[in-house]
Every structure is written in structure tokens, then in C-alpha cells.
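Observations on the three-dimensional arrangement
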Amino acid sequence: MRCPFCSSVEDKVVDTRPSDNEQVNAADVSAPAAARRFTTYERFDEILPLVVKKTIRRRILSIA
């Protein structure tokens, strides 16, 4: 990730924490060149399995 203040690519994760809905993680990142901190958010996408039938039809496999 590029620092929004100094455009440096060298950064260091200082702290991470889950958000309230547990689907997003927040990370406090520090760039030594700027001597400032900024927050990044990581969202995890759930990829459902895809089944390809013999008839070439595609179906998303439901997990229930």
C-alpha cells in the first residue's frame, strides 16, 4: 500500500482489529517517512463453489 501522505511504499502495520460486523478488519499503518498513521480496511469476500454440469450449465453450490 502506498502512503497517502508521502507516497512511500514502505509501511508498517502498527495495530489490527476486527470491526463490529466481523466482515472487515481495520489496520493502523505507519509510514516512517511521513511519521503519520493511517487506517486501511480489509474486506473478505466469500467465494462460493461453482459446479459445472455435463450440460455446461453452471450452478453455485449452496452451503446450508
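Refer to the preceding data block for the structure.
Residues numbered from 1 in each chain as written. Predicted model: local features only at pLDDT ≥ 70, side-chain atom pairs only at ≥ 80, totals over all residues. Heavy atoms only, no water.

Where charged atoms from two side chains of opposite charge approach closely, those side chains can pair. On inspection of all chains with the given rule, the structure shows two salt bridges. Ionic pairing is found between Asp 28 and Arg 17, a salt bridge with its closest N-O pair at 3.2 Å. Of this pair, Asp 28 sits in strand E2 (residues 24–31) while Arg 17 sits in strand E1 (residues 12–18); the two residues are eleven residues apart in sequence, bridging distant segments of the chain. For Asp 28, a relative accessible area of 13% puts it in the buried group. Given a relative accessible area of 34%, Arg 17 falls into the partly exposed group. Each of the salt bridges in this network shares a partner with another, and the network as a whole consists of Arg 17, Asp 28 and Arg 37. (Salt bridge = Lys/Arg side-chain N within 4 Å of Asp/Glu carboxyl O. Helix = DSSP H or I, 4+ residues; strand = E, 2+ residues; numbered from the N terminus. Buried < 20%, exposed > 50% of the residue type's maximum accessible area, 1.4 Å probe, protein only.)

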